[in-house]
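Reading the structure
Each chain is listed here by its residues.
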Amino acid sequence: MAAAGGAGTAAALWSEVNRSGQNGDFGRALKSVNKLLQINKDDVTALHCKVVCLIQNGSFKEALSVIHTHTKVLTSDSITFEKAYCEYRLNRIENALKTIQSASQQTDKLKELHGQVLYRLERYDDCLAVYRDLIRNSQDDYEEERKTNLSAVVAAQSTWEKVEPEDLGLQEATYELCYNAACALIGQGRLNEAMKNLQKAEDLCRQSLSEDSDVTEEDIEAELAIIHGQMAYIMQLQGRTEDALHLYNQIIKLKPTDVGLIAVIANNIITINKDQNVFDSKKKVKLTNAEGVEHKLSKKQLQAIEFNKALLAMYTNQADQCRKLSASLQSQNPEHLLPVLIQAAQLCREKQHAGAIELLQDFAEQSPANSAQIKLTMAQLKIAQGSVTKACIILRSIEELKHKPGMVSALVTMYSHEEDIDSAIEVFTQAIQWHQGYQPKSPVHLSLIREAANFKLKYGRKKEAISDLEELWKQNPRDIHTLAQLISAYSLVDPEKAKVLSKHLPSSDTMSLKVDVDVLENSPGATYVRKKGGKLTGENQQKEQGQGDVKKKKRKKKGKLPKNYDPKVTPDPERWLPMRERSYYRGRKKGKKKDQIGKGTQGATTAGTSELDASKTASSPPTSPRPGSTTATSSAATSNMIPPRHQKPAGAAATKKKQQQKKKKGGKGGW
């Protein structure tokens, strides 16, 4: 009777478990399963149901504990998926992979989980193969989700591994597919196309979510946050930092639940701020330290965040914190260059340039793969210290770069600054010899030869430039400019050779331009307008003078000669100057204001009027005749009188000297 009662109770409990499972009430189902296990603690089906109920309720640790406790009853094949899934959700990704690989048979759900695990481990090639196999060999309602995951893998390859994605023929029918396609385009640098895809994804997302009446506008904005974040990232890459910053801050105000999204946005804001707005950057750093961030982001994303933390510590003058973070990054990534550069930058901020160079030198010896970048940094530090020659020595030690046109240009510029022309020519020679051996007659090779020839001609090394010019002319015999340079160089070294080469120059008839002079003169071309205050030299001055002569001829008029003009008398050279500026001007007489003519009432006479009559003073100099005056001078004398404009009074030089002294006494209030 007891056994029959127990069997009836078990059947009722199983019925309750089945009903609760169909209704999604896994908490109630778990209670019934526990009652069943009280009846039979080793019931395999009951234990399996308990594990499933715990997983559905999110109790992954308890479910994993049940599996480990009943390993003898729960065989690995029967519980493999549940065990691997618990490990995956508990972020024990390596353990989950081992569990999946230990299964004797790979079911479809195990393959799905396998793809997710490989994606988290960033093994994108293997992950791509798994999803391709799933899409090819399965037909159910989850095909759209698999395509979405496949596009996510392609986007990750393009972004983190810089692999050009292949066209998988995925139609961008959902906003998830559009978003992943945009991420792949960003990885290729096709930013404008990526922005269009994101805008399409936003429209599709709004359209699909608005069909659900239970979804609010806040829910839609929260779903769009990741799309808007990617839009802001594109703006930042395009240099539109203000627009990007505005959109980033809008997303943060929404307080999205995705801690990975918040951490990425906070990091991007810090990179925009750089060494400005440090207080805001310090607040944003806290968002990157949220719990669970390390499980949401890729290794390169986490690495970039840590690098930016170290840089922020440097910008905020937290030297110890900067050294601590950069040292930790270097220990985690021994071959990575950035932690060493951050340490060197911190030493430079502390004015320890010698220590920074020593640090870089040690790292270059330990990591030959990064030696080129390290040496470039060392050269920059040497230039900052003013040691240009030492910087040149460092740059010339970079074997893989010293023959590049950019490096040759930099070295020649620095040697020219130091007036070391021989070393600059040596740099040109070595680069030309290298290209002669590996890339003869290539555009770069010929360009280096031409630049070397021009450089030598510029500094008067015509003899050394001859070989370069001959090589260039040999490659292009129709290059008249090179031929002219070659003849010019030979004219100082070997005039006979210059004469021989000059025969290759085209005749003047072939070089003349076929120009219709009449049409050119009648065409409405630009007219010359002389600027005020401008100075003309050389040919322009001659042209200007020629134009002036033409204008004078057109406006020439017969001038009027003054009365009593005598062509035999030399005109006064100072006749065009105002009277006060002439050398013989004596200035006004002072102290006789009371006796001036014109003062007083009309018709009044003063005692000193007679003194003002120059005709009565024998010693007064001759002046121009007054109308109606009577003098003792005869009419013949008057006719022979020299006008004042043609006169040059005696003693003009002495008077000029006195006049200059008087001007000095006058001070600022003079003429």
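1. Notes on the overall build of the protein chain
Scanning the protein chain for helices and strands turns up 33 helices and 0 strands. A total of 671 residues make up the protein chain; the buried ones form 33% of that total. The long-range share in the protein chain, meaning contacts at least 24 apart out of those at least 6 apart in sequence, stands at 48%. Total accessible area computed for the protein chain in this model is approximately 44300 Å², and 51% of it derives from carbon and sulfur atoms.

2. Here's the deal with the environment of Gln-439
Along the chain, the position of Gln-439 falls in the loop between helix H24 (421-438) and helix H25 (443-458). Gln-439 sits in the partly exposed class, given a relative accessible area of 35%. Sequence-distant contacts of Gln-439, that is, excluding residues within four places in its chain, are made with Trp-434 and His-445.

3. Description of the packing of aromatic side chains
Taken as a whole and assessed by the stated rule, the structure comprises 6 aromatic pairs. Aromatic side chains Phe-60 and Tyr-85 sit 6.1 Å apart centroid to centroid with 65° between the ring planes, which places their arrangement in the edge-to-face category. You can see Phe-60 sitting in helix H4 (residues 60-69) and its partner Tyr-85 sitting in helix H5 (residues 76-89), a full 25 residues away along the chain. Aromatic side chains Phe-428 and Phe-455 sit 5.8 Å apart centroid to centroid with 50° between the ring planes, which places their arrangement in the tilted category. Taken as a pair, Phe-428 in helix H24 and Phe-455 in helix H25 lie far apart in primary sequence, 27 residues in all. Joined through ring pairs, the aromatic side chains of Phe-60, Phe-81 and Tyr-85 make up one cluster.

4. Here we look at a negative patch on the surface
A cluster of like negative charges, contributed by Asp-141, Glu-144, Glu-145, Glu-176 and Glu-223, occupies part of the molecular surface. Looking at where Glu-145 falls in the secondary structure, it is placed in helix H9 (residues 143-160).

5. Structural notes on the packing of helix H13 (residues 241-253) against helix H14 (residues 259-273)
Two elements in contact, H13 and H14, have axes separated by 10 Å at closest approach and are oriented at 145°. In this structure, H13 crosses over H14, and the sense of that crossing is left-handed. Across the interface between the two elements, Thr-241, Ala-244, Leu-245, Tyr-248, Asn-249, Ile-251 and Ile-252 of H13 pack against Leu-261, Ile-265, Asn-268, Ile-269 and Ile-272 of H14. Class assignment for the residues of the contact of H13 with H14 results in 9 nonpolar, 3 polar and no charged.

6. A short note on the confidence of the model for the protein chain
This prediction gives the protein chain a mean pLDDT of 80; 79% of its residues lie at or above 70. Contacts for the low-pLDDT stretch residues 652-659, under 50 throughout, to residues beyond four places or in other chains number 9 contacts.

7. Some remarks on helix H19 (residues 338-349)
Under the 1.5 Å per step criterion, the end-to-end length of H19 is 16 Å for 12 residues, consistent within 8% with the ideal 16 Å. Taken as a whole, H19 has its buried residues at Pro-339, Val-340, Ile-342, Gln-343, Ala-344, Gln-346, Leu-347 and Cys-348. Considering only its buried residues, H19 is in contact with helix H17 (299-315), helix H18 (319-332), helix H20 (353-366) and helix H21 (371-384).

8. Observations regarding helix H6 (residues 93-101)
For H6, the set of buried residues is Ile-93, Ala-96, Leu-97, Thr-99 and Ile-100. All buried residues of H6 fall inside an arc of 160° around its axis, so they share one side. What points out from H6, more than 90 degrees from its buried face, is the exposed set Lys-98 and Gln-101. On its buried face, H6 sits against H5 and helix H7 (108-120).

9. Observations concerning unusual backbone geometry
Phi is positive for Glu-122, close to 65°, though the residue is something other than glycine. Secondary-structure assignment places Glu-122 in the loop between H7 and helix H8 (124-137). Here Glu-419, not a glycine, exhibits a phi torsion of approximately 60°, which is positive. Looking at Glu-419, the relative accessible area reads 68%, which means it is exposed.

10. Things to note about the nonpolar core
Counting 39 residues, the largest nonpolar core has Leu-360, Ile-374, Leu-395, Val-408, Leu-411, Val-412 and Phe-455 as the members making the most contacts within it. Listing elements by their share of this core, those giving two or more residues are H19, H20, H21, helix H22 (388-396), helix H23 (405-417), H24 and H25. A per-element tally of this core places H24 first, with 7 residues. Not counting chain neighbours up to four residues away, the residues in contact with Ile-374 comprise Leu-337, Leu-341, Leu-360, Phe-363 and Ala-364. The next biggest cluster of nonpolar side chains, apart from the first, holds 33 residues, and it includes Ala-184, Ala-232, Ala-244 and Leu-245.

11. Considerations on the environment of Cys-322
Position of Cys-322 relative to the elements: it lies in helix H18. For the pair Cys-322 and Leu-312, spaced 10 residues apart in the sequence, the C-alpha separation amounts to 8.0 Å. Excluding anything up to four places from it in sequence, Cys-322 contacts Ala-310, Ala-313, Met-314, Ile-342 and Gln-346.

12. Notes on the packing of H4 against H5
Between H4 and H5, the shortest axis-to-axis distance is 9 Å and the interhelical angle comes to 140°. In terms of their interaxial angle, H4 and H5 are classed as oblique. In the crossing of H4 with H5, the sense of the turn from one axis to the other is left-handed. Seen from H4, the contacting residues are Phe-60, Ala-63, Leu-64, Ile-67 and His-68; seen from H5, they are Ile-79, Glu-82, Lys-83, Tyr-85, Cys-86, Glu-87 and Arg-89.

13. Some remarks on the pattern of salt bridges
Evaluation of the coordinates by the stated rule reveals 19 salt bridges. Across the pair Glu-350 and Arg-323 runs a salt bridge whose closest N-O atoms are separated by 2.8 Å. Of this pair, Glu-350 sits in the loop between H19 and H20 while Arg-323 sits in helix H18; the two residues are 27 residues apart in sequence, bridging distant segments of the chain. Across the salt bridge formed by Glu-399 and Lys-402, the nearest N and O atoms sit 3.4 Å from each other. Among the charged side chains, a network of salt bridges with common partners joins Glu-202, Arg-206, Glu-217 and Glu-221.

14. Brief notes about the side chain of Ser-138
Relative to the assigned elements, Ser-138 resides in the loop between H8 and H9. Beyond its immediate sequence surroundings of up to four residues, Ser-138 is in contact with Asp-108 and Arg-146.

Reading the values: rules and limits
- Within each chain, residues carry numbers counting from 1 in the order of the written sequence.
- The predicted nature of this model means local features are confined to residues of pLDDT at least 70 and side-chain atom pairs, given and counted, to a pLDDT of 80 or more, with totals for whole chains, interfaces and linings taken over all residues.
- With hydrogens and water stripped out, all remaining heavy atoms of the structure feed into the side-chain values.
- Secondary structure is summarised from DSSP: a helix means a run of H or I of at least four residues, a strand means a run of E of at least two, and numbering begins at the N terminus for each.
- Here the term buried applies to any residue with accessible area under 20% of the maximum for its type, exposed to any over 50%, and partly exposed to those in between, with areas from a 1.4 Å probe on protein chains only.
- Should any heavy atoms of two residues lie within 4.5 Å, those residues are counted as being in contact.
- Accessible surface area values rest on a Shrake-Rupley calculation with a 1.4 Å probe, where residue burial reflects the displayed protein chains alone.
- Ring pairs are drawn from Phe, Tyr and Trp, using the six-membered ring of Trp, whenever the two centres fall within 6.5 Å, and their geometry is named by plane angle: stacked under 30 degrees, edge-to-face over 60, tilted for the rest.
- Patch rule: a residue counts if its relative accessible area is over 30% and it has no salt bridge; like charges are joined within 9 Å, and nonpolar side chains (Val, Leu, Ile, Met, Phe, Trp, Tyr) within 5 Å.
- What counts as a salt bridge is simple: a side-chain nitrogen of Lys or Arg found within 4 Å of a carboxyl oxygen of Asp or Glu.
- We treat Lys and Arg as the positive residues and Asp and Glu as the negative residues; His and chain ends play no part in the count.
- Where a charge lies is defined by one atom per residue type: Lys uses NZ, Arg uses CZ, Asp uses CG and Glu uses CD.
- Geometry is summarised by axes, namely lines fitted to C-alpha atoms with helices restricted to the contacting stretch, and by angles between N-to-C directions that run from 0 to 180 degrees.
- Helix crossings are classified by the rotation of the near helix relative to the far one: an anticlockwise turn of less than a right angle makes the crossing left-handed, while a clockwise turn makes it right-handed.
- Residue classes follow a fixed rule: Ala, Val, Leu, Ile, Met, Phe, Trp, Tyr, Cys and Pro count as nonpolar, while Asp, Glu, Lys and Arg count as charged, and any other residue, Gly among them, counts as polar.
- Along the chain, pLDDT gives the predictor's confidence residue by residue, from 0 to 100.
- One fewer than the residue count of a helix, multiplied by 1.5 Å, yields its expected span.
- By arc we mean the arc of the directions from the helix axis to the C-beta atoms, nothing more.
- Take the buried Ala, Val, Leu, Ile, Met, Phe, Trp, Tyr and Cys residues and link them wherever side-chain atoms come within 4.5 Å; each set so joined is a nonpolar core.
- The labels follow the angle: roughly parallel below 35 degrees, roughly antiparallel above 145, roughly perpendicular from 65 to 115, and oblique for the rest.

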